[in-house]
Structure formats: structure tokens, C-alpha cells
Amino acid sequence: MAIKNAQLYEQVVLINEYLQNIVGTIESGVVAINRAGHVTIFNRAAEQLTGLSVDAILGRAIAELPAPLRQPLVATAEDGRARVLAEVELAKPGGSTLPVLCLTSPLREPAGGLLGAVAVLSDLTALKQLEMEQRRAERLAYFEVLAAGIGHEIKNPLVAIKAFAQLLPRKFLDEQFRQEFARVVGREIGRMEHLAGRLRSLARPGGGPHRALDLRAPIADAVELLQPRLDEKGIAIRWAPGPNPCQVLGDHAALEQLFLNLFGNALDAMEAGGALSVRLRSTEGRMIVEVEDTGPGIPDEFLPRIFEPFVTTKLHGSGLGLAICASIANAHRALIYATNVPGQRGAVFTIEFPVEVAASTPVRA
Ligand SMILES: Nc1ncnc2c1ncn2[C@@H]1O[C@H](COP(=O)(O)OP(=O)(O)O)[C@@H](O)[C@H]1O
Ligand SMILES: [Mg+2]
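Residues numbered from 1 in each chain as written. Chains lettered and ligands numbered in written order. Predicted model: local features only at pLDDT ≥ 70, side-chain atom pairs only at ≥ 80, totals over all residues. Heavy atoms only, no water.

**Q** What am I meant to see in the overall build of the protein here?
**A** The helix and strand tally for the protein stands at ten helices and twelve strands. On C-alpha atoms alone, the protein measures out to a radius of gyration of 31 Å, which is more than a quarter above the 21 Å that the 2.2 N^0.38 rule sets for 365 residues. Taking the principal axes of the C-alpha coordinates as reference, the protein spans close to 120 × 55 × 45 Å. Looking at the protein as a whole, 35% of its 365 residues qualify as buried. Of all intrachain contacts in the protein linking residues separated by at least 6 positions in sequence, the fraction that spans at least 24 positions is 60%. Roughly 21600 Å² of accessible area belongs to the protein as shown, and the carbon and sulfur atoms make up 58% of that amount. (Helix = DSSP H or I, 4+ residues; strand = E, 2+ residues; numbered from the N terminus. Rg over C-alpha atoms; globule rule 2.2 N^0.38 Å. Buried < 20%, exposed > 50% of the residue type's maximum accessible area, 1.4 Å probe, protein only. Contact = heavy atoms within 4.5 Å. Areas by Shrake-Rupley, 256 points an atom, 1.4 Å probe, with all protein chains shown as cover.)

**Q** Mind showing me how you'd approach the site of ligand 1 here?
**A** With respect to spatial proximity, 19 residues lie near ligand 1, and among them Asp293, Thr312, Thr313, Lys314 and Gly319 are the closest. Note that an oxygen atom of ligand 1 is positioned 2.8 Å from one of the backbone N or O atoms of Gly319. Gly321 is positioned such that a nitrogen or oxygen atom in its backbone is 3.4 Å from an oxygen atom of ligand 1. Here ligand 1 has 530 Å² of accessible area as a free molecule, and 94% of this is covered by the chains. When residues of the shell around ligand 1 are traced back to their parent elements, those giving at least two are α8 (252-269), α9 (321-331) and β12 (347-354). (Near = heavy atom within 4 Å. Polar contact = N/O pair within 3.5 Å; in protein donor to acceptor, adjacent residues only side chain to side chain.)

**Q** Explanation requested: the packing of aromatic side chains in the structure shown.
**A** Note on aromatic pairs: each is described by the distance of the centres and the angle between the planes. In the structure shown here, the tally under the stated rule is five aromatic pairs. On the basis of an interplanar angle of 70° and a centroid distance of 6.2 Å, the ring pair of Phe164 and Phe181 is categorised as edge-to-face. Of this pair, Phe164 sits in helix α5 (residues 125-171) while Phe181 sits in helix α6 (residues 175-203), and the two are 17 residues apart along the sequence. For Phe164, a relative accessible area of 16% puts it in the buried group. By relative accessible area, which is 22% here, Phe181 ends up partly exposed. Within the aromatic cluster, the residues linked to one another by ring pairs are Phe164, Phe177 and Phe181. Sitting above the plane of the Phe172 ring, Arg178 keeps its charged end 5.7 Å from the centroid. (Phe/Tyr/Trp six-rings, centres within 6.5 Å; stacked < 30°, edge-to-face > 60°. Lys NZ or Arg CZ within 6 Å of the ring centre and 35° of its normal.)

**Q** Explanation requested: the sheet that holds strand β3 (residues 83-91) in the structure shown.
**A** Sheet strands pair via backbone hydrogen bonds, and the direction of the pair is either parallel or antiparallel. Overall, antiparallel pairing links the five strands, which are arranged β2-β1-β5-β4-β3 in an open sheet. Where the open sheet ends on each side, the last strands, each with one partner, are β2 (39-42) and β3. Neighbouring strand axes in the sheet, compared pairwise and without regard to direction, differ in orientation by 25° on average. Across six bridges, the pairing between strand β1 (residues 29-34) and strand β5 (residues 114-123) is antiparallel. Note on β5: the bridge partner recorded for Val30 is Val120. The strands touched by helix α4 (residues 67-79) within the sheet are β1, β3, β4 (97-108) and β5, with β5 carrying the most contacts at an inclination of about 145°. (Pairing = 2+ DSSP bridges. Axes fitted to C-alpha atoms, helices over the stretch in contact; angles between N-to-C directions.)

**Q** Can you walk me through the environment of Val100 in this structure?
**A** Within the secondary structure, Val100 sits in strand β4. The buried category is assigned to Val100, whose relative accessible area is 0%. Excluding residues within four positions of it along the chain, Val100 makes contact with Leu85, Ala86, Glu87, Val88, Leu90, Leu121, Ser122 and Leu124.

**Q** Sorry if this is basic, but what is going on with the packing of α8 against α9 here?
**A** Two elements in contact, α8 and α9, have axes whose closest approach is 9 Å; the angle formed by their N-to-C orientations is 145°. The two elements α8 and α9 meet at a crossing, and its hand is left-handed. Here α8 contributes Ala254, Leu255, Gln257, Leu258, Asn261, Leu262 and Asn265 to the contact with α9, which in turn contributes Gly321, Leu322, Ile324, Cys325, Ile328 and Ala329. Residues that form the contact of α8 with α9 fall into these classes: nine nonpolar, four polar and no charged. (Left-handed = near helix turned anticlockwise from the far one by under 90°. Nonpolar A, V, L, I, M, F, W, Y, C, P; charged D, E, K, R; others polar.)

Okay, here's the thing in C-alpha cells:
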């Protein structure tokens, strides 16, 4: 009997050592607490992530743990529910912070009673770095497309202006030339001014400060501005704002610009007799605007690229309209995408605005 007990004890010690070894060597930080609020496990990785030594923490009260770890652990030990904190910031010596993924789980006895909670921590620094590099690469690619496009757009008018300027000394007395000069140079400078204006909106997509506003207002203003062109082309507008407020956080002028660009494209796409429909609806946590036309729709091969700058299928298009829409949407944390109306002609542009921010912010005049 005594020998059997001794063997069992040895086995328990071995298993315990084995588990300690695993907890001690894994890359993730492991921190456990019991119901009395004392720290029962604090492994080597947890030491490295928090900068605290196991000797100073183990067996001590949970108050010794950094607050961002303490709160989810205590919460899980109290209600037995697991928690996922996608990005906890742990303070590092020197004032910087370490991004950490924190998963907590309840620790239970076999009968189900709560014994405490355990948190597993993973260092997200490498992942963040990768994310940043990817974003930088994307920005660079965007910048290259933008720079090439601007270069191209400026070159054409410059070539025309230069040619006329070179002829000017010789043909100065030619009345017809002077008229032609004024017409062409004026037109080409106008084109560059237009480009400069578009680039400015691309650079400041969010417009002014974001306030709580009703989405029906910028839509109504854009419709009103476009009404003469709609009438001229004989296109019906289907826009019934509805009685309910549609509040989001945003900049009125920037949003009006977004809708103007979308409506302008729809107009360009349609023949006389078409219809432009604008719908506004809210679902859980989102305010959704749909802009639908009865034009030919967007060719499949263009669909993935239309939001890129300088992508245009029009003879005199700038290809910047939708790029501006995308940056305005982005500045409003809204999602914008295009589809073709299934089973019929026409394109639909959808913008999904988040509303949870607006709900918690008081309305300002
Ligand atoms: N409503 C629409 N119907 C069909 N094609 C569209 C529509 N809106 C945009 N497009 C396509 O997307 C391209 C890019 O649009 P945009 O960025 O506004 O530039 P632009 O209007 O100067 O061409 C357009 O040239 C057109 O091919
Ligand atoms: Mg356009």
C-alpha cells in the first residue's frame, strides 16, 4: 500500500513537472488567478510581456497585475464567461506600449464550480509590424498610380498650351490665331484647375470636423443641385426620404460631394427616360444608402478597379470621382461598393455607414 502511494505520488510530481515545463516554455504568456483573487500561475512569457517578475507576483493579490489584464481576468473569474480582447496595450518601461491579444477562460473543478480564471497572452508586435508594412506597400502602390495619373493628366493640357505659346510671337498679329489661342489655352487651363480641385478633395476626404447629421440632408442637397441636369436629360428621380431621422457622424459638404459624384456618374451612364433611385434604410448598427440607375451597368472587367484613381471609360473622364467617393467613405468609416442590378440593366452603389458612434454623441447644432 505504502509503495503504491509512493508510486502514485511520483507520477503526480512527474505530471506536475511536465505541465510546469509546458507552461514555462510556451511562447504565450499564461496568467491564472484563483477565486480568492491571488495569482496562481505566472509563466516566463508573462514575465517578459509584462516586465514583472514571477517572484513579485506569484501568490500575491491580483492588484499587482497591470489593469488591462486584471479586469478581464477578474470578470471571467466572477461570471465564468470567456473573453477575447483583440488588442490589449501593456505598458513597457520607457513609456511605449506592447500590443497583446488576451484570451481569458474560466477554470472549473470537474463538478463545474468556478476555481478562477486563466489568461493566455500573445505578443502582436510582429503581426502589427507586418500589417504596417502591408499598409505602407498599399499606400505606395496607390501613390504610384496617383502620381502617374496626375503626370498624364497635366501633360496633355501643357503640351497644347506650350505649342500655342511657341507660335505666339510669330502669329501674334493673326486675329484668328489669337482667338484660337484664348479658346484653347483657356480650356486647357480650366481642365487643370478642375484636376487641382479634384485632387484637393482627394487629399482632404473627410472635409471639416465630423458632427452628428441626418443623411437625408446631404442627399437632398445633391439631388437639388443635380435637378437641372436630370430635367434636361429627362431622367426621373426616385427619392423618398421617409419620416425617420437617419443620423450618422460626418461632414455635410464631403457627403454631398460623395452623392454628387455618384449621381453624376449615374446620369452619365443613362439615356433619356432612365431613372435614378436613391434608397435609405437602417439595419442593425448601420445606415445604408443605395444609389441605383437604369444605365448599362458596369462592365465586369472594370468592376474591381473603378474605385482606383484615374480609371475611366469616358473620353473626357478624370477617373477621380469614385476614388474621391472611396476616400470620403473611408474618412467616415463607411463601406462603399458597386454591383450590377441582378437580372436587369443598371448599377447599384451602396454605402454603409456605422451608426453606433453617432448614437452615443450628443447632437450639435
Ligand atoms: N453608374 C454607373 N454605371 C456604369 N458605369 C459606371 C457608373 N459609375 C461609374 N462607372 C464606371 O466607373 C468609371 C470611373 O468613374 P469615376 O471615378 O467617377 O470617373 P469618371 O466619371 O471621370 O470616369 C467610369 O468611367 C465608368 O466606367
Ligand atoms: Mg465620375
